[in-house]
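Listed below are the residues making up each chain.
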Amino acid sequence: MSKRKKWSIAFAGVALLVAVLAGFLLTHPALSPKGEPYAEKRVLAMAEAANENDPAKVYDFLTKELRDICSKEEFCKNWEDERTYPYLIPFWIFFRGIEMEPGNEQGSAKFERAARLPGQFEEYGIVYENGGYYIDAFRTIADGSYVEIFERLS
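Residues numbered from 1 in each chain as written. Predicted model: local features only at pLDDT ≥ 70, side-chain atom pairs only at ≥ 80, totals over all residues. Heavy atoms only, no water.

Participant: Explain unusual backbone geometry to me, and be specific about the residues and the numbers.
Facilitator: In this structure, Asn-53 is a non-glycine residue whose phi angle is positive, near 60°. Mapped onto the secondary structure, Asn-53 falls in the loop between helix 2 (36-51) and helix 3 (55-61). For Asn-53, a relative accessible area of 40% translates into the label partly exposed. (Helix = DSSP H or I, 4+ residues; strand = E, 2+ residues; numbered from the N terminus. Buried < 20%, exposed > 50% of the residue type's maximum accessible area, 1.4 Å probe, protein only.)

Participant: Describe the pattern of salt bridges, and please don't skip the residues or the numbers.
Facilitator: All told, the structure shown has 10 salt bridges when counted by the stated rule. One salt bridge connects Asp-60 with Lys-72, and the closest N-O pair in it is separated by 3.0 Å. Of the two residues, Asp-60 sits in helix 3 while Lys-72 sits in helix 5 (residues 72-83), which places them 12 residues apart along the sequence. You can call Asp-60 partly exposed: its relative accessible area is 39%. You can call Lys-72 partly exposed: its relative accessible area is 29%. One continuous salt-bridge network, built from bridges that share partners, spans Glu-65, Asp-136 and Arg-139. (Salt bridge = Lys/Arg side-chain N within 4 Å of Asp/Glu carboxyl O.)

Participant: How would you sum up the sheet that holds strand 2 (residues 106-113)? Please name residues and give values.
Facilitator: Ordered in space as 1-2-3-4, the 4 strands form an open sheet in which the pairing is antiparallel. A single partner strand is all that each edge strand has here, and the edge strands are strand 1 (93-100) and strand 4 (132-136). Taking each pair of neighbouring strands and ignoring which way they run, the sheet shows an average axis angle of 30°. In the packing of helix 2 onto the sheet, the strands contacted are strand 1, strand 2, strand 3 (121-129) and strand 4, and the crossing angle to strand 1 comes to about 160°. (Pairing = 2+ DSSP bridges. Axes fitted to C-alpha atoms, helices over the stretch in contact; angles between N-to-C directions. Contact = heavy atoms within 4.5 Å.)

Participant: I'd like to hear about the side chain of Asn-78, residue by residue, with values.
Facilitator: Within the secondary structure layout, Asn-78 lies in helix 5. Only 2.8 Å separates the side chain of Asn-78 from the backbone oxygen of Ile-141, close enough to count as a polar contact. If sequence neighbours within four positions are ignored, Asn-78 has contacts with Ile-141, Ala-142, Gly-144 and Tyr-146. (Polar contact = N/O pair within 3.5 Å; in protein donor to acceptor, adjacent residues only side chain to side chain.)

Participant: An account of the packing of aromatic side chains is requested, with residue identities and associated values reported.
Facilitator: Evaluated as defined, the whole model comprises 7 aromatic pairs. Judged by centre distance (5.9 Å) and plane angle (50°), the ring pair of Phe-75 and Trp-79 falls under tilted. With Phe-75 and Trp-79 both in helix 5, this residue pair falls 4 residues apart, about one helical turn. What makes Trp-79 buried here is its relative accessible area of 1%. Ring centres of Tyr-128 and Tyr-133 lie 4.9 Å apart, and the angle between their planes is 65°; on these two criteria the pair is classed as edge-to-face. For the pair Tyr-128 and Tyr-133, a shared accessibility class is recorded, and that class is buried. (Phe/Tyr/Trp six-rings, centres within 6.5 Å; stacked < 30°, edge-to-face > 60°.)

Participant: Can you break down the nonpolar core residue by residue, with the values?
Facilitator: Counting residues in hydrophobic clusters, the biggest one holds 29 residues, and the most contacted among them are Met-46, Val-58, Phe-75, Phe-111, Tyr-124, Ile-126 and Phe-138. The set of elements that each furnish at least two residues to this core consists of helix 2, helix 3, helix 5, strand 1, strand 2, strand 3, strand 4 and helix 6 (139-143). Looking at which element gives the most residues to this core, the answer is helix 2, with 6 residues. Excluding residues within four positions of it along the chain, Val-58 makes contact with Met-46, Ala-49, Ala-50, Phe-75, Trp-79 and Phe-138. (Core = buried A, V, L, I, M, F, W, Y, C linked by side-chain atoms within 4.5 Å.)

Following this line, the structure appears as C-alpha cells:
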C-alpha cells in the first residue's frame, strides 16, 4: 500500500471520528442549553406565534404529549374553528413571568390574556424533553374539548 493511500485512509478515519464525536456533543441532552433563560426564550417565541395567529408554529412548541394527541393539520383546523366562535375577542397573551423548578426540568409560564375583563391569566407548563423546552399550552384545542366549552355557553 502506498504512503499516500495510508494517509488518505488515516485522514478519513480521523474525519469520521470527529464527525461522530461532534454529532454526539451537539445532540446529547445533557449538553443542550438548559435553564430559565432558555425556557423563557422558547415561551416567548411560542407566545409570539400565538399572537401572530400562526397555529402551525405554535404546534412546534407543544409538548410531545400534546403533539401525540393530534397532528399539526388537526391542531391548525381546531385552532381556526375555535377562533371562529362569535363571542371571542382577538387572541393575545402577554408574558408576565416564568418559574422553573430546581433542576430546570419543568416549570410554568404565566401570561395575562387580552380579555373584556382585566386580570384573566393563563398558566402554561414548561417541560424539558428531547433536548429542549416545550410548552403544555392550548390543550383544549389539541384534544378538541374546546367544542364542549362552546356547547355549555350556548
